[in-house]
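Working through the structure, step by step
Below are the chains, spelled out letter by letter.
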Amino acid sequence: MTRTSAAVGGIAVVIPSYNRKHLVLEALNSVTSQVLLPDRVILVDDGSNDGTQQAVSHWSKSNEPPFELVYIYQQNAGPGAARNLGIESAKDCEWVAFLDSDDLWHKEHLCKLTEAVLKQPDAIAASNELEEKYYSTNGSLISSRAYVFPEKLLSGCITGPDALRITGPLTPATMIRRDALLKAGGFNTRLKYSEDKLLFLIVSTMGPWCRVAGFPVIYRNFVRNDQARLSGTKQLSDKPHQSSRIYYARLLDNAIGHFAYSNNKYHIGVRWALWKAWYRAGRHLEKTKHYKLAVYYYQKAAGYRLFSKAIPRMCIAKLKSLYLRLF
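Residues numbered from 1 in each chain as written. Predicted model: local features only at pLDDT ≥ 70, side-chain atom pairs only at ≥ 80, totals over all residues. Heavy atoms only, no water.

In terms of burial, strand β4 (residues 40-46) is largely enclosed, as 7 of its 7 residues are buried. Residue alternation in β4 divides its side chains into two sets, Arg-40, Ile-42, Val-44 and Asp-46 and Val-41, Leu-43 and Asp-45, and both sets are buried. Pairing geometry for strand β2 (residues 11-17) and β4, over 6 bridges, is parallel. Residue pairing for β4: Ser-17 is matched across the bridge by Asp-45. Bridging between β4 and strand β5 (residues 68-74) involves 7 bridges; their strand directions are parallel. (Buried < 20%, exposed > 50% of the residue type's maximum accessible area, 1.4 Å probe, protein only. Helix = DSSP H or I, 4+ residues; strand = E, 2+ residues; numbered from the N terminus. Pairing = 2+ DSSP bridges.)

Have a look at this one:
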């Protein structure tokens, strides 16, 4: 087997984990089975208390993995902070590939991503397709759905944030240049919602993002019973906080707002992304009866797409605010 350093300057795999000692060993096995091996696997234990360290140590001694395995323990700080620590620890690798502790790679995952970026040397990221599977706690498969890239994404004719409107790349199926991750500021650790989406939107403005078809990553969710709502929420991440929408809109605007009227092809879709962020924050504020603030957020949304539903919603929020003041 060949190491990725021989092709693209090295790939480090970053796996954050929290109380997933059995699942993370399956994830590690899927890395070991890669046709093209990474140079390093960095497993960041986000404060587990289920014996993850001992399980990983035993696995390493028993399997003698064909790559450098780095285990790092940190006090529980969330998946974003764990991934950032992994990125920081990948100093001599040009690329960082992400894998969650409960997900599995196809054996040709890294090989196909590497082939894609070698064909496009200025690429800043590459992603495979993904199949999301839902399991009961006893391991029975409940349902599945595929995230498939349409031809217009595979061809690269749609670029920048505009490409994320169609089928957004998901974290465990993606690898990104380390310098691009650092330039983007890594994963925002204050967000409890869409910290990966924020980072990916920022990175997408930097250059080509390769998409690969036919080698899906298995993205696993475990639900308590067959009737549980299959929302796609990952166990590793905290539950989404709706209030994060407000902070997310401001962060995104600060990061890419200056590209809103750029003619660069990798900035196509910036205005759409900003409109959506401000509009969704406005809807949250309106639903929680913060009408005055909702008006401001709708105004910000309308600044990026004037002829949109932000205008009528802003008028409704103004009327609701006036009604509260009068009555």
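This structure, assessed with the given rule, holds 13 salt bridges. For Glu-26, the salt bridge identified is with Arg-220, shortest N-O distance 2.8 Å. Taken together, the residues Glu-26 in helix α2 (residues 21-32) and Arg-220 in strand β10 (residues 209-223) connect sequence positions 194 residues apart. Arg-220 gets classed as buried once you look at its relative accessible area, which sits at 7%. A salt bridge links Asp-92 to Arg-40; the shortest N-O distance between them is 2.9 Å. With Asp-92 in the loop between α4 (79-88) and β6 (95-98) and Arg-40 in strand β4, this pair connects stretches of sequence that are 52 residues apart. Overall, Asp-92 belongs to the exposed group, its relative accessible area being 55%. Look at the salt bridges and you will find they share partners, linking Arg-283, Glu-286, Arg-313 and Lys-320 into a network. (Salt bridge = Lys/Arg side-chain N within 4 Å of Asp/Glu carboxyl O.)

Attention now moves to the side chain of Lys-133. By the secondary structure assignment, Lys-133 is in strand β7 (residues 125-136). For the buried Lys-133, no salt bridge is present, and the opposite-charge side chain at shortest range is Glu-131, 4.4 Å distant. Other than its neighbours up to four places away in sequence, Lys-133 contacts Leu-141, Ser-143, Ser-144, Ile-218, Tyr-219, Arg-220 and Asn-221. (Lys, Arg positive; Asp, Glu negative; His and termini not counted. Contact = heavy atoms within 4.5 Å.)

Let us look at unusual backbone geometry. Phi at Asn-19 is positive, roughly 55°, even though this residue is not glycine. Mapping Asn-19 onto the fold places it in the loop between β2 and α2.

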